[in-house]
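So you can see what is in the structure, the chains are spelled out below.
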Amino acid sequence: MSYITFESVSKEYTTGGERVLAADKVSFDVEKGELCVVLGPSGAGKTTILNLLGGMDKATSGHIQVGGKEITRMGGSELTQYRRTDVGFVFQFYNMMPNLTALENVELARQVCPKALDPLEVLQQVGLGERLYNFPAQLSGGEQQRVSIARALCKNPALLLCDEPTGALDSKTGLQVLKLLCDVREHYGSTVALITHNEAIAPLADRVIRVRSGRIESVKRNARPATVEELSW
Amino acid sequence: MVKNALGLKLARDIWHNRAQFVAMILLCALGTWCFSGLDAFWRMLETSSQTYFEQQNMADLWVNLAPVDREALLRVQEVPGVQEVQARITLEMAVDLPWEPRVAVHAFDGEPRISIPLLREGKALSSSDIRGCLLEEQFAKANGFAPGDRITLKWDGSPIEFTIVGTCISPEHVITTKDVRPDPTSYGFLICSAAVFSHLPYNEAVVTLAEGAQGETAQRAIQALYPQALILSRKGHGSTSIIQSDTEMFHSLSYLFPLLAFAVAALIVLTTLTRMIENQRIMIGTLKSLGYRDGTVRRHYLSYALYPSLLGALLGLLTGRISLPYILWAAETTSMVFPHCLQAPISLEAWLMTGVAVALSLLICLHTYNKNAREWPAALLRAKPPKAGRTLLLERIPTLWNRLGFNGKMVMRNLFRNKLRTLMCFVGTLCCTMLLISSMGLQDSVHFFINRYYTQTLRYQLKAELDSTAGEAEAYEKRIQAERVEAVMEKGITLASDTATRTTTLTVVQADQQLLYLGEKESYKPLEDHGIYLTRKLAEVMGTKAGDPIRIRLPGDDEPVVTIVAGLCEVNISQGVFMTRPAWENWRKDPFQPTALLIANPTSEGLRQLEDMDEVAQVRDPLVQSEQMLTLLKSMMGMFMLMSAVALGLAFVVQYNMGILNLMERNREYATLKVLGYHQKEIRGLMKQENNLVMLLGVLGGLLPGRAFTALILKTCEGENTVFSSTVNWPSYVVSALVTIAFSMFVTWILTRKVRTIDMVEALKSVE
């Protein structure tokens, strides 16, 4: 059985009388430990899939199964528990607490997760050992993203979800972040789902899922995933 | 075109946020209502009394001199500044009725030209009518007299009969009383011709001064002419001084309460406008990017403050003066008698206050606008960057900082992040606690000093007032069966020092008196057998202290006598002069004639004996009197309720506004926490911790100010003739604190419910 299974999942919004189908009978599988890239233009429905996967939103119909758990059957507080222990998020705009230092931002994750790793170690692993006591306003975009990753990793999640992690970064910094994500995946063995509109990232993935207008266009497996050094955009 | 579009935006925005704007209007109105009402009232008091005095040609000076002969009149007339002089005889006599009420008799030399009484019923008194008189209206009604009746007075044992020609009121007796509260059944006044007392010399000259004359100069000049005379100005004259002190009291109150109301209003306007303008940030940026000039945009947003505050202030100004003054007037006229109630036009001060209210709102709006909107349009169009974090001072104390749990650290950082907001919440809670404590403290204090006076100072259960047929003091001890019976002699006197002249009451007590506690804190202190004792407040007013000389004149004296102030007594509420019987007998060669008996714990036999005694005119029970004063307190309950309501309303609006602002600013953060896996309960817990900390500090901070404010209000209301000690019982502190806390937690609860509605998906959408 695959680690992640989407079975005919649809998400419908009714805004002001209009019905919008953000996801239309989406079905795909992802194996454990894979790096899966969800590709598609703006408005294609990539974020919707991520949100559903992360238990941040409820599907209108269909089944989602992650690591043996039926997400679509879970209620509000079960989903919160799911997010606590099983999922780590990396956002495009970092979403740091401006009021907390880098170390404290990562500590946030430890507060809720019983099996968390040591925030200090994780920050050192992402290369921010020198910047522990700085506030987000004192960090560059790349550094903030790394803190964000550290925060997600601190929970030692089985599933790491990344929403356009390099979207707000320049190419050099973006590559650094991607390298980090790959290293981390190897080190921790988590399954990583990364959504982006940037084609150049696709070669990195074990599995590429292309989405358009809320539907799956194609699912391809990369026999030989590229390394970060081989990428350029 | 431009104006119309913006105007439409203004109108729609106001309608959209109508609850907020209505609150702003009402609060601006509250401040001006308070001021306008109190201001209109003291001016009403002043105008009504001044007009009354002018119409009836009320005296400016009362010169007590014996005799006031033709020569004296001429000499006084010639003093620069004096306009008119008239001689009269003023005496106090008893009325021949079973309950022996007394009247102040003013027998004029011819028709009254000064302090002319105002006729109410019946006919005017003609100067040729020797046996006719005008009787005080209330006294007549209370004692069953009407024009045409006869009234018999007792003077020196012999009766004098008058025919009541009519009833009247007098500007000299706006309050007809011997102490604080008028009692028409026992005291009144009567006007007649001096021809009745042809064998008596005139003992008083009433004087009016010319326009613009210096009262003090004239007074000193007359005093220099007649050093033994006792001269009272309007300030020292009993009835007039009460009107003056009440007017001054309300004048002071008209600054005290509105100031508080304005502060409350300012706080709420600040929080409301802050929230509104921060909301409109993107709007402001859009307007600027469209090409609207800075000035235009600023003026547009100033109108958000201008219209509500202008409307509210004017509303308060106009409704204040048609409501509050009449309520207060009704209360005042239960003891004061005026022929008309005249309202002064809206004073300059009231207009100024209205202007101040509007200006204050505009200033607050301007400040808020400048803080938020003075950026390049592009910056405004981006959402406001959250405030950068900073290390706190607290973090420099590792022992403390590390003790706080992780949540505690977050709470502290959040509180200091927006200091102004935290401060406003703190001040709001503080004011709420302060007002609640004051509201209860005022009630505590009144209960306290009334109770203290009637049970601590007065140590007797009954006071039997005796008429002029009373016998020797010593005899009564045996004649009435009780734990203790003491005789006292009370006389109305005039005190004069270098700085002031006042009328007051002298109480002469027995040598071994025990039933009046006149020491520090109303403890027992035996008085020495020489000199007189003044109550502390009276001594302050007279500008004397222990050991100083003072002049004292008793009724019937030709001249005032100098004596020494032996010491001071501490008495709540009513002030006066005390001395012992031996001191009296040494000082004057007059006998000690008891005017009342103080009786402690009479037996039922003793009560019966009292009833049988003819000379007992009236029996008063201090406890009954204290209850009467307490019912007066009940009529003020409305004011206390209002204070408490304002307090809670303030706390609600401030905390709610600040809470909503926090939620808005931290929406993204709360959404992130949700994504991270924080349960709603945990997020709400964080919010609660923050709010509760500020709230607790505010409550603690409000305890002392509450006490101080209570004392301040009482001091303002005291006036010259009374002492109101302030006290706040500990239950009041506790209840106020608990109510504030409970209310605050209620507001927090309302705010935390909104956490449920934070949509993670919406909140975390990219900022593009």
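The rules behind these values
- Residues numbered from 1 in each chain as written.
- Chains lettered and ligands numbered in written order.
- Predicted model: local features only at pLDDT ≥ 70, side-chain atom pairs only at ≥ 80, totals over all residues.
- Heavy atoms only, no water.
- Helix = DSSP H or I, 4+ residues; strand = E, 2+ residues; numbered from the N terminus.
- Buried < 20%, exposed > 50% of the residue type's maximum accessible area, 1.4 Å probe, protein only.
- Contact = heavy atoms within 4.5 Å.
- Areas by Shrake-Rupley, 256 points an atom, 1.4 Å probe, with all protein chains shown as cover.
- Buried area = accessible area lost by both parts, 1.4 Å probe.
- Salt bridge = Lys/Arg side-chain N within 4 Å of Asp/Glu carboxyl O.
- Polar contact = N/O pair within 3.5 Å; in protein donor to acceptor, adjacent residues only side chain to side chain.
- Nonpolar A, V, L, I, M, F, W, Y, C, P; charged D, E, K, R; others polar.
- 1 Å grid on protein atoms, 1.4 Å probe; cavity = no way out; pocket = protein on both sides within 12 Å on 5 of 7 lines; lining within 4 Å.
- Points joined across faces, edges and corners; volume = space filled by probe spheres on them.
- Pairing = 2+ DSSP bridges.
- Axes fitted to C-alpha atoms, helices over the stretch in contact; angles between N-to-C directions.
- Core = buried A, V, L, I, M, F, W, Y, C linked by side-chain atoms within 4.5 Å.
- Domains from an automatic or database assignment.
- Disulfide = S-S within 2.5 Å.
- Phe/Tyr/Trp six-rings, centres within 6.5 Å; stacked < 30°, edge-to-face > 60°.
- Left-handed = near helix turned anticlockwise from the far one by under 90°.
- Parallel < 35°, antiparallel > 145°, perpendicular 65-115°, else oblique.

Caption draft 1: The overall build of chain B, seen in detail. The number of helices and strands found in chain B is 23 helices and 19 strands. With respect to the principal axes defined by its C-alpha atoms, chain B has extents near 105 × 65 × 45 Å. Among the 768 residues that make up chain B, the fraction classed as buried is 52%. Counted over contacts in chain B with a minimum sequence separation of 6, partners at least 24 positions apart contribute 82%. Looking at chain B as shown, the accessible area adds up to about 34900 Å², and 59% of this sits on carbon and sulfur atoms.

Caption draft 2: View of the interface of chain B and chain A. In this complex, chain B contributes 29 residues to the contact, which on the side of chain A involves 27 residues. The junction of chain B with chain A conceals about 2600 Å² of combined surface from both sides, 63% of it contributed by carbon and sulfur atoms. It is F406, R413 and L676 of chain B in chain B that bury the most area against chain A; as a group they hold 25% of the surface buried on that side. There are 2 salt bridges connecting chain B and chain A. Taking the shortest distance from any N to any O, the salt bridge between E682 of chain B and R84 of chain A comes out at 2.4 Å. For the pair chain B and chain A, the number of links is 9 residue pairs in polar contact (both at pLDDT 80 or more). Those elements that provide at least two residues to the side of chain B that touches chain A are helix 12 (406–417), helix 20 (667–676) and helix 23 (760–763) of chain B. Taken together, the residues that form the side of chain B that touches chain A break down as 12 nonpolar, 8 polar and 9 charged.

Caption draft 3: Inspection of empty space enclosed by the protein at higher detail. All names here are of chain B. Taken as a whole and assessed by the stated rule, the structure comprises 9 cavities of 30 Å³ or more. If you add up the space inside the largest cavity, you get close to 190 Å³. Taken together, 18 residues form the lining of the largest cavity, with C425, M658, N662, N691 and V694 sitting closest to its centre. Counting residues per element, the ones that place at least two in the lining of the largest cavity are helix 12, helix 13 (419–457), helix 19 (637–665), helix 21 (680–718) and helix 22 (730–753).

Caption draft 4: Seen up close, the sheet that holds strand 5 (residues 69–70) of chain A. Residues and elements named next belong to chain A. Strands sit in the order 2-1-4-5 across an open sheet of 4 strands; the sheet is antiparallel. Edge positions in the sheet fall to strand 2 (18–30) and strand 5, since each of these pairs with one other strand and no more. As judged from the 9 bridges shared by strand 1 (residues 4–15) and strand 2, these two strands associate in the antiparallel manner. Residue pairing across strands places T15 opposite E18, the latter belonging to strand 2. The strands that helix 1 (residues 46–53) touches are strand 1, strand 2 and strand 4 (61–66); relative to strand 1, the one it contacts most, it runs at about 115°.

Caption draft 5: Expanded view of the nonpolar core. Grouped together as the largest cluster of nonpolar side chains are 93 residues, with contacts concentrated most on F6, L53, V66 and L108 of chain A together with L673 of chain B. Here the element with the most residues in this core is helix 6 (residues 238–279) of chain B; it accounts for 10 residues. Two domains each provide a minimum of three residues to this core, namely domain 1 (1–58 + 239–385) and domain 3 (418–451 + 632–768) of chain B. Apart from the residues lying within four places of it in its own chain, the contact partners of V66 of chain A are Y3, I4, L53, I71, Y82 and L159 of chain A. Counting 64 residues, the second largest nonpolar core, distinct from the first, contains F53, M58, M249 and L458 of chain B.

Caption draft 6: View of the sheet that holds strand 8 (residues 191–196) of chain A. All names here are of chain A. With respect to topology, 6 strands assemble into an open sheet ordered 6-7-8-3-9-10, the strand pairing being mixed. Bordering the open sheet on either side are strand 6 (87–90) and strand 10 (215–221), each of which pairs with just one other strand. When strand polarity is set aside, the average angle formed by the axes of neighbouring strands in this sheet is 15°. Judged from the 4 bridges that link them, strand 6 and strand 7 (residues 159–163) form a sheet pairing that is parallel. Paired with V87 across the two strands is L159, which belongs to strand 7.

Caption draft 7: Expanded view of the side chain of T710 of chain B. Residue and element names in this part refer to chain B. Looking at where T710 falls in the secondary structure, it is placed in helix 21. Accessibility expressed as a relative area gives 0% for T710, which makes it buried. For T710, the contacting residues outside a window of four places in its chain are I437, S438, G441, L442, S445 and V728.

Caption draft 8: Fine view of the state of the cysteines. Following the criterion strictly, the structure yields 0 disulfides over all chains and no others. Cysteine C182 of chain A remains unbridged, with the sulfur of C162 of chain A as its closest cysteine sulfur at 10 Å.

Caption draft 9: A look at the domain arrangement of chain B. Residue and element names in this part refer to chain B. Split by domain assignment, chain B resolves into domain 1 (1–58 + 239–385), domain 2 (59–233), domain 3 (418–451 + 632–768) and domain 4 (462–620). The C-alpha-based centres of domain 3 and domain 4 are spaced at 51 Å. Taken together, the contacts link 10 residues of domain 3 with 9 residues of domain 4. Together domain 3 and domain 4 conceal approximately 750 Å² of surface at their shared face, both sides included; 46% is due to carbon and sulfur atoms. At the junction of domain 3 with domain 4, the criterion picks out 0 salt bridges. Here domain 3 is connected to domain 4 by 0 residue pairs in polar contact (both at pLDDT 80 or more). Of the residues contributing to the side of domain 3 that touches domain 4, the split by class is 4 nonpolar, 4 polar and 2 charged.

Caption draft 10: Quick peek at the environment of R221 of chain A. All names here are of chain A. In this structure, R221 sits in strand 10. Owing to a relative accessible area of 57%, R221 belongs among the exposed residues under this scheme. With 183 residues separating them along the chain, R221 and V38 place their C-alpha atoms 12 Å apart. Once you skip the residues sitting within four places of it in the chain, R221 turns out to touch E34, D206 and R207. In terms of polar contacts, R221 uses its side chain to reach the side chain of E34, at 3.1 Å.

Caption draft 11: Geometry of the side chain of Q144 of chain A. Residues and elements named next belong to chain A. If you trace the backbone, Q144 turns up in helix 5 (residues 141–154). Reaching out from Q144, the side chain makes a polar contact with the backbone oxygen of L139 at a distance of 3.3 Å. In this structure Q144 touches Y94, M96, P136 and L139, once residues within four positions along its chain are discounted.

Caption draft 12: The environment of V20 of chain A, seen in detail. Residue and element names in this part refer to chain A. Mapped onto the elements of the fold, V20 is located in strand 2. Overall, the relative accessible area of 40% leaves V20 in the partly exposed class. Each residue touching V20, except ones within four places of it in the same chain, is listed here: K11, E12, Y13 and T15.

Caption draft 13: The packing of aromatic side chains, seen in detail. Residue and element names in this part refer to chain B. Counted according to the given criterion, the structure contains 18 aromatic pairs over all chains. With 6.4 Å between their ring centres and 90° between their planes, F257 and F709 make a pair best called edge-to-face. In this pair, F257 sits in helix 6 while F709 sits in helix 21, placing the two residues 452 residues apart along the sequence. For the pair F257 and F709, one class covers both residues: buried. Plain terms: the ring middles of F746 and W749 are 6.4 Å apart, the flat faces sit at 20° to each other, and that makes the pair stacked. Taken together, the positions of F746 and W749, both in helix 22 and 3 residues apart, correspond to about one turn of that helix. Classification of F746 as partly exposed rests on a relative accessible area of 40%. Since its relative accessible area comes to 46%, W749 is described here as partly exposed. Every member of this aromatic cluster is reached through a ring pair, and the members are F652, Y656, F743, F746 and W749.

Caption draft 14: Looking closely at the pattern of salt bridges. Residue and element names in this part refer to chain A. All told, the structure shown has 41 salt bridges over all chains when counted by the stated rule. The closest approach of N and O atoms between R210 and E199, which form a salt bridge, is 2.8 Å. On the criterion of sequence distance, the pair formed by R210 in strand 9 (residues 207–212) and E199 in the loop between strand 8 and strand 9 is long-range, its members being 11 residues apart. When its relative accessible area of 23% is taken as the criterion, R210 is described as partly exposed. Looking at E199, the relative accessible area reads 46%, which means it is partly exposed. A cluster of three or more residues bridged by salt bridges with shared partners is formed by E34, R207 and R221.

Caption draft 15: Representation of the packing of helix 2 (residues 18–55) of chain B against helix 8 (residues 294–332) of chain B in the model. Residue and element names in this part refer to chain B. Closest axis-to-axis distance for the helix 2/helix 8 pair is 4 Å, and the angle between their directions is 40°. Crossing of helix 2 over helix 8 shows right-handed handedness. Class assignment of the residues belonging to the contact of helix 2 with helix 8 gives a composition of 23 nonpolar, 10 polar and 2 charged.

Caption draft 16: Up close: the packing of helix 7 (residues 281–290) of chain B against helix 9 (residues 348–373) of chain B. Residues and elements named next belong to chain B. Running from N to C, helix 7 and helix 9 cross one another at 75°; their axes reach a closest spacing of 11 Å. Looking at the two axes, helix 7 sits roughly perpendicular to helix 9. Every residue of helix 9 that contacts helix 7 at R281, I284 and K288 is listed here: Y369, N372 and A373. In the contact of helix 7 with helix 9, the residues fall into 3 nonpolar, 1 polar and 2 charged.

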